[in-house]
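# Descriptive structure summary
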Amino acid sequence: MRDRAEHSSRPRSPGNGKARSVSQQLGAWLRVQRQARAWDVPEMARQLTKAAGDARGALPSHDSLVSYVRRWERGECGVSERYKLLYCAALSIKPERFGRVSPAAESPPGSDAPYVRDGDSYPASNLGFLVSVQQLAEALGRECQADFMRAEHDRSAELAGVAGGEGLLDTVEHVAFGRPAQIPSAGGVPRIDQEHVTQIQATTAVFRQWDNEFGGGLRRRAVVGQLSEAAALLGGPFRDEHTGRRFFSAVSDLAQLAGWMTFDLHMQATAQRYYLLGLRLARDAGDRAQVARMLYCLARQMVDLGEQRDALDLAQAGLYAIRRSPAPKATAMLRIIEARAYACMGDAEECHRALGIAQDVFSRAGTDTDPAWCAFFDEGELCGLVGVTLRDLALADPDHARDHAAGAGPWIERAVSQRPRAYLRSKILDLDGLAVTTLLLGEPEAAADLAMSAISLARKVASSRVTSRLRRTVLLAEQRFPGAHGVAELGEQVRALAHPG
């Protein structure tokens, strides 16, 4: 079977030329206006027909109009004056406001369009509007500010606010594959030099080390605060363009960490926005590997949310982004998340195919083949990811669960033995994965011992992801082996774990 990245439709490149760029900006505006009203494309076409009134007979057929709407939103062609007026009538806006992309604009009368006011965060679908560095800096600052202003994050609202489907993919493609922004260079004395880059990199490394060991709960706000300070410096001026691009890459790395820590606490919509803003920073840095990493994170989130098709699309976009920048570890990560999506769908053949490619690509990695952030992705991490993928396949393919679980066990055992203390959260998740595979192999007492070890270690971290994963494992044990030795005690212990954040 041919590689998915070859036979699936590739992400649309933004094309060249000023006219193309203007059409794409207008297309993004049209898409956001439609999505703000909860209309799909066919409904948008119906609204245009309705707006035409007595002149609707002069419009093309409904199917043709649907095709036009899709082309306009993709920026493939301009919108004629006739259709601009129909759009204005359908959206209840004045003609002079048609296509207005300022994020500070006030909402159209009678609509819920997702414009941004002071203290608000940007909706994921609005990020395509961030044309200039100044707009990007303001968006990142607003996101951090809005995050700080929430004493608590409502998890139901966070789930409801996650973008997905075609809207998410369109936003990702628009952000990831556009041209890098113009970096403000020094007109006089430079405000930002290499020392600032080094400081952000060093701070990010310390926070990431803490996150790997203790989870996202304890220091997330400190990371968001650091990100807010960095956002204020994005406007430069920089000593030179090289320094500016490196600064953007360093802030992108910090945004990824903020997103990962937020994801670890199940603040899903907020995490997604940090990833998307980090994606835009990586694009403007010209850092294709970092672009691929953000797409990996977005895909990883979709796997957890059960949106496997979205995960596959995002992984494919990541592979496309990195196709001309060989980075074996980064590529292997994307192949593994592709495999996990297939695993959760119960597609064993495609899962094993993607895992085989991931292992082959990983074997080509050397000391200088990948960016510095890939350092965490060592042999132990590879083993853990392969093992957890096969565990997911065992849970999704009950007819062959024992075979898949037997295959997963040795991989996870190797990961457990190789994990350093600095990756305590990963070690807990490895032990949980072993407990699941042991349950599926019909060994409840051994599984209970493994789960209890994981629960004991989980008291040392602040991670909603860990707590939720352990609770699912204990529930599985209670359902399959309710009277087994140690299972009842597991329930008591896991229910005592608090959800941090």
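These numbers were taken from a predicted model, which means no experiment stands behind them.

Procedures and definitions
Residues numbered from 1 in each chain as written. Predicted model: local features only at pLDDT ≥ 70, side-chain atom pairs only at ≥ 80, totals over all residues. Heavy atoms only, no water. Helix = DSSP H or I, 4+ residues; strand = E, 2+ residues; numbered from the N terminus. Buried < 20%, exposed > 50% of the residue type's maximum accessible area, 1.4 Å probe, protein only. Contact = heavy atoms within 4.5 Å. Areas by Shrake-Rupley, 256 points an atom, 1.4 Å probe, with all protein chains shown as cover. Axes fitted to C-alpha atoms, helices over the stretch in contact; angles between N-to-C directions. Parallel < 35°, antiparallel > 145°, perpendicular 65-115°, else oblique. Left-handed = near helix turned anticlockwise from the far one by under 90°. Nonpolar A, V, L, I, M, F, W, Y, C, P; charged D, E, K, R; others polar. Disulfide = S-S within 2.5 Å. Phe/Tyr/Trp six-rings, centres within 6.5 Å; stacked < 30°, edge-to-face > 60°. Lys NZ or Arg CZ within 6 Å of the ring centre and 35° of its normal. Expected span 1.5 Å × (residues − 1). Salt bridge = Lys/Arg side-chain N within 4 Å of Asp/Glu carboxyl O. Arc of directions from axis to C-beta. Polar contact = N/O pair within 3.5 Å; in protein donor to acceptor, adjacent residues only side chain to side chain. Core = buried A, V, L, I, M, F, W, Y, C linked by side-chain atoms within 4.5 Å.

### Digging into the overall build of the chain
Broken down by element type, the chain carries 22 helices and zero strands. For the chain, the residues scored as buried account for 56% of the 501 residues in total. Taking all contacts inside the chain whose residues are at least 6 apart in sequence as the whole, residues at least 24 apart take part in 74%. Approximately 21,000 Å² of the chain is accessible, and the part contributed by carbon and sulfur atoms is 49%.

### A look at the packing of helix H18 (residues 401-418) against helix H19 (residues 424-440)
The N-to-C vectors of H18 and H19 enclose an angle of 155 degrees; their axes lie 9 Å apart at closest approach. Put simply, H18 runs roughly antiparallel to H19. With respect to the hand of their crossing, H18 and H19 are arranged in left-handed fashion. Within the contact between the two elements, H18 uses Arg 402, Ala 405, Ala 408, Gly 409, Ile 412, Glu 413, Ala 415 and Val 416 and H19 uses Lys 427, Asp 430, Leu 431, Gly 433, Leu 434, Thr 437 and Leu 440. Here the residues of the contact of H18 with H19 sort into eight nonpolar, three polar and four charged.

### Some thoughts on the state of the cysteines
A full pass over the atoms with the stated rule returns zero disulfides. The closest cysteine sulfur to the non-disulfide-bonded Cys 344 is located on Cys 351, 8.8 Å from its own sulfur.

### Here's the deal with the packing of aromatic side chains
Under the criterion given, the structure shown has 13 aromatic pairs. Pairing Trp 260 with Phe 263 gives two aromatic rings, centres 5.2 Å apart and planes at 55 degrees, and the pair type is tilted. With Trp 260 and Phe 263 both in helix H11 (residues 241-264) and three residues apart, this pair spans about one turn of that helix. A residue is classified by how much of its surface remains accessible, and Trp 260, at 16% relative accessible area, is buried. By relative accessible area, which is 0% here, Phe 263 ends up buried. Across from the ring centre of Tyr 83, 5.5 Å away, lies the NZ or CZ of Arg 82, which sits over that ring. In this arrangement the basic side chain of Arg 219 is found over the ring face of Trp 210, its NZ or CZ atom lying 4.3 Å from the centre.

### Some details on helix H13 (residues 288-304)
Its 17 residues place the ends of H13 25 Å apart at the C-alpha level, agreeing with the 24 Å of an ideal helix rising 1.5 Å per residue. Extensive coverage of H13 is indicated by the burial of 15 of its 17 residues. Within two residues after H13, Gly 306 carries a phi angle of roughly 80 degrees, on the positive side.

### Considerations on the side chain of Arg 340
Relative to the assigned elements, Arg 340 resides in helix H15 (residues 328-344). Once you skip the residues sitting within four places of it in the chain, Arg 340 turns out to touch Arg 300, Val 303, Val 388, Thr 389, Arg 391 and Asp 392.

### Quick look at the pattern of salt bridges
Enumeration over the complete set of coordinates arrives at 30 salt bridges. Taken together, the salt bridges that share partners define one network made up of Arg 340, Arg 391, Asp 392, Asp 432 and Arg 469.

### Overview of helix H4 (residues 62-74)
In this model, H4 (13 residues) spans 19 Å end to end at C-alpha, consistent with the 18 Å of a helix rising 1.5 Å per residue. Within H4, the full set of buried residues consists of Leu 65, Val 66, Val 69, Trp 72 and Glu 73. One side of H4 carries all its buried residues, which in axial view fall inside an arc of 125 degrees. Positive phi appears at Gly 75, one or two residues downstream of H4, with a value of about 75 degrees.

### A closer look at the environment of Ser 92
Within the element layout of this structure, Ser 92 appears in the loop between helix H5 (81-91) and helix H6 (133-149). Residues Ser 92 and Ala 51 lie 41 residues apart in sequence; the distance between their C-alpha atoms is 9.9 Å.

### Regarding the side chain of Arg 419
Tracing the backbone shows Arg 419 in the loop between H18 and H19. With a relative accessible area of 11%, Arg 419 lands in the buried category. Of the polar contacts made by the side chain of Arg 419, one reaches the side chain of Glu 381; its length is 2.5 Å. Within polar-contact distance, the side chain of Arg 419 engages the side chain of Asp 430 at 2.6 Å.

### Some remarks on the environment of Ala 488
Along the chain, Ala 488 turns up in helix H22 (residues 487-495). Here Ala 488 falls in the exposed class, since its relative accessible area comes to 53%. Separated by 40 residues in the primary sequence, Ala 488 and Ala 448 have C-alpha atoms spaced 9.4 Å apart.

### Quick word on the nonpolar core
Counting residues in hydrophobic clusters, the biggest one holds 64 residues, and the most contacted among them are Val 172, Leu 279, Leu 295, Leu 314 and Phe 377. Considering every element that reaches this core, the biggest residue donor is H13, with 11 residues. Not counting residues up to four positions away in its chain, the partners in contact with Phe 377 are Lys 329, Ala 332, Met 333, Ile 336, Phe 362, Leu 382 and Leu 385. Listed in part, the 32 residues of the second largest apolar core include Phe 207, Val 224, Leu 227 and Phe 248.

### Observations concerning the environment of Arg 56
Considering the arrangement of structural elements, one finds Arg 56 in the loop between helix H3 (41-52) and H4. Those residues in contact with Arg 56 that lie beyond four places of it in its chain are Thr 49 and Lys 50. In this structure the side chain of Arg 56 is engaged in a polar contact, spanning 2.9 Å, whose partner is the backbone oxygen of Gly 53.

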